[in-house]
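# A closer look at the structure
Read off the chains here:
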Amino acid sequence: MKHFRFLVIGVFFGIVLSKAEIISWYRIYEMFKFQSFHMYGVIGSAVILGIILFRFFNNGKIKDYLGNKINIEPKKKGFYRNILGGTIFGLGWGLIGACPGPMFILLGRGVFTILVAILGGLIGVLLYHAIKNKLPH
Amino acid sequence: MDFILEPWPWYVAGPLITLSMFFLFYFGKKFGVSSNLETMCAIGGAGRFNEFFDFDWKKNGWNLMFIAGTIIGGFIAFQWLTPDESVAINLKTMQDLSEVGFSNAGAQYLPDEIFSIDTVMSLKGFLILLGGGILVGFGSRYAGGCTSGHAITGLSNLELPSLISVIGFFIGGLIMTWILIPIIF
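This report concerns the structure included in the present document. Keep in mind it's a predicted model, so treat the numbers as computed, not measured.

The rules behind these values
- Residues numbered from 1 in each chain as written.
- Chains lettered and ligands numbered in written order.
- Predicted model: local features only at pLDDT ≥ 70, side-chain atom pairs only at ≥ 80, totals over all residues.
- Heavy atoms only, no water.
- Helix = DSSP H or I, 4+ residues; strand = E, 2+ residues; numbered from the N terminus.
- Buried < 20%, exposed > 50% of the residue type's maximum accessible area, 1.4 Å probe, protein only.
- Contact = heavy atoms within 4.5 Å.
- Salt bridge = Lys/Arg side-chain N within 4 Å of Asp/Glu carboxyl O.
- Patch = residues over 30% accessible without salt bridge, like charges linked within 9 Å, V, L, I, M, F, W, Y side chains within 5 Å.
- Areas by Shrake-Rupley, 256 points an atom, 1.4 Å probe, with all protein chains shown as cover.
- Polar contact = N/O pair within 3.5 Å; in protein donor to acceptor, adjacent residues only side chain to side chain.
- Core = buried A, V, L, I, M, F, W, Y, C linked by side-chain atoms within 4.5 Å.
- Domains from an automatic or database assignment.
- 1 Å grid on protein atoms, 1.4 Å probe; cavity = no way out; pocket = protein on both sides within 12 Å on 5 of 7 lines; lining within 4 Å.
- Points joined across faces, edges and corners; volume = space filled by probe spheres on them.
- Nonpolar A, V, L, I, M, F, W, Y, C, P; charged D, E, K, R; others polar.
- Buried area = accessible area lost by both parts, 1.4 Å probe.

## Some words on the overall build of chain B
A count of helices and strands for chain B gives ten helices and zero strands. Listing every helix and strand of chain B by position from the N terminus yields α-α-α-α-α-α-α-α-α-α. Projected onto its principal axes, the C-alpha positions of chain B cover 50 × 45 × 35 Å. The buried share among the 185 residues of chain B stands at 54%. Here the analysis covers contacts within chain B between residues at least 6 apart in sequence; of these, 42% occur between residues at least 24 apart.

Written out as C-alpha cells, the structure reads:
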C-alpha cells in the first residue's frame, strides 16, 4: 500500500496522544485554568526537542530518507491572520477540548458524537475560504 | 508492561510527539493536521464552489493516511491499552467544573455534558460541538496551522507567526474557559 509508512506513524501518534490524555477535554480545560503542568510539559518538551532536531535539519546533519536536505516551509507572515485566526481557533479548542488531530483520534475511540465537531471543522474551513478576501491578514 | 497501561507522563509524551514529527520530515513530508480538513473539502467537491479547493487532493494522500492511522491508534489505545478510563485532573479543577455544572469531572475520559449521545441530541448540545468545530476549522486555516503546525512545528522552527498564533490560541482558550464556559453551561 502506497503511503503505508504514514499510516504507521499515525497509529503511533494516535496512541501517544490517547495515552497521555492530550485528547481528553478535561486536560485542555485544566491547562487553560493553569491547574496542571501536564500539557505545558508535553508541548514544552516536544518544542525544546523540536528546536534541537530542526538545528540538525537546518545544518544538514540529518537528511531525509533519500539523502536530501530537509527543508521546513516557513509560515506565512502577517499579524492579523495569526492573532485573529489563533484566537478563533483557541475559542473552539477551549470549548470542545479537541484540535483537528484529536478529533480523529477520538473518533477511533468510538466517540461518534465528535463527528458533529468534524462536520463543524469542515464547515469552518469552507467558510474561511469563502470570506477570506474580506478578512485582514 | 504495566507502565504502558498507566497514563503516560508528559516527559514521555512530549518526546514521542517530536519523534512522530521527525519521521514525517524524514520521509519528506511535514507535521500539520488541519490542512487535511481542506483536503477533505476538496474530495467532497468544494472545488465546484470555490476554486481554492480545485486542487489535486491526491498529493495530500500521505496526510490522509496519517489521519487514518490516528483513528486506528485511538482505537488500539482505547481497546487494549487503557484499562482505567479516569483522568486524574487537579482536585481544584474538579471543584471548578462542579460549580460550572459538570458532575464527576475526571471520572471518565470525556464529560457527558459535551460528548454523550443525549447531549448531542439536544439543540444546545449539538450547537456546542458544531460551533466548536467551526471555530477550530475556521481559526486553524485563517492562522495557517493548528497545534501541530504552529505550536509544535512552528515554535520548533522559531517562527514569529507561530508564536503570535500560539498567543492567539491562548487568548481564545482563556476567554472560553474563564468567561464563556460558565455562561454557556
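Read on, since the account is not over.
## A look at the pattern of salt bridges
Per the counting criterion, the structure on display carries six salt bridges over all chains. In this structure, E21 of chain A engages R27 of chain A in a salt bridge whose closest nitrogen and oxygen atoms are separated by 2.8 Å. Taking the shortest distance from any N to any O, the salt bridge between K33 of chain A and D96 of chain B comes out at 3.5 Å. One end of the pair, K33 of chain A, is in the loop between α2 (25–32) and α3 (38–58); the other, D96 of chain B, is in helix α5 (residues 91–100), on a second chain. Where salt bridges share partners, they join E21, R27 and E30 of chain A into one cluster.

## Section: a nonpolar patch on the surface
Residues F34 of chain A together with L160, L163, I167, I171, I175, W178, I179 and I183 of chain B make up a contiguous nonpolar surface patch of about 900 Å² in total accessible area. Positionally, I167 of chain B belongs in helix α10 (residues 160–184). You can call I167 of chain B partly exposed: its relative accessible area is 44%.

## Let's talk about the side chain of T177 of chain B
Residue and element names in this part refer to chain B. With respect to the helices, strands and loops of the structure, T177 is situated in helix α10. What makes T177 buried here is its relative accessible area of 1%. In this structure the side chain of T177 is engaged in a polar contact, spanning 2.8 Å, whose partner is the backbone oxygen of G173.

## What to know about the nonpolar core
Membership of the largest hydrophobic core comes to 89 residues, with the highest contact counts inside it found for W25, M103 and I114 of chain A together with I17 and F31 of chain B. Both domains that meet at this core, namely domain 1 (1–83) and domain 2 (116–185) of chain B, each give it at least three residues. If sequence neighbours within four positions are ignored, W25 of chain A has contacts with G94, L95, I96 and G97 of chain A together with L97, F102, Y109, L110, P111, I114, F115 and I181 of chain B.

## Considering the layout of surface pockets
Its volume calculated, the largest pocket comes out at about 950 Å³. Lining the largest pocket are 43 residues; nearest its centre among them are E73 and K75 of chain A together with K30, S35 and R141 of chain B. At the level of elements, α4 (79–96) and α6 (114–131) of chain A together with α3 (35–43), α4 (61–80), α8 (123–143) and α9 (147–156) of chain B are the ones that each hand at least two residues to the lining of the largest pocket. At four residues, α9 of chain B tops the list of elements feeding residues into the lining of the largest pocket. A class-by-class count of the residues in the lining of the largest pocket yields twelve nonpolar, 18 polar and 13 charged. In terms of domain composition, the lining of the largest pocket takes at least three residues from each of domain 1 (1–83) and domain 2 (116–185) of chain B.

## Side note on the interface of chain B and chain A
Chain B puts 128 residues into the contact, and the matching count from chain A is 113 residues. Across the interface of chain B and chain A, roughly 10500 Å² is buried in total on both sides, 77% from carbon and sulfur atoms. Between the two partners, chain B and chain A, sit two salt bridges. Here R109 of chain A and E85 of chain B are joined by a salt bridge, their closest N and O atoms 2.5 Å apart. Taken together, the links from chain B to chain A amount to 30 residue pairs in polar contact (both at pLDDT 80 or more). Considering each element in turn, the side of chain B that touches chain A owes the most residues, 19 residues, to α10 of chain B. Counted by class, the side of chain B that touches chain A contains 81 nonpolar, 38 polar and nine charged residues.

## Concerning unusual backbone geometry
With phi around 55 degrees, F34 of chain A is a residue other than glycine that occupies positive phi space. Of note, F34 of chain A is situated in the loop between α2 and α3. Of note in this structure, N104 of chain B is not a glycine but carries a positive phi near 50 degrees. In this structure, N104 of chain B sits in the loop between α5 and α6 (112–115). The exposed category is assigned to N104 of chain B, whose relative accessible area is 62%.

Just distances and angles here, no functional claims.
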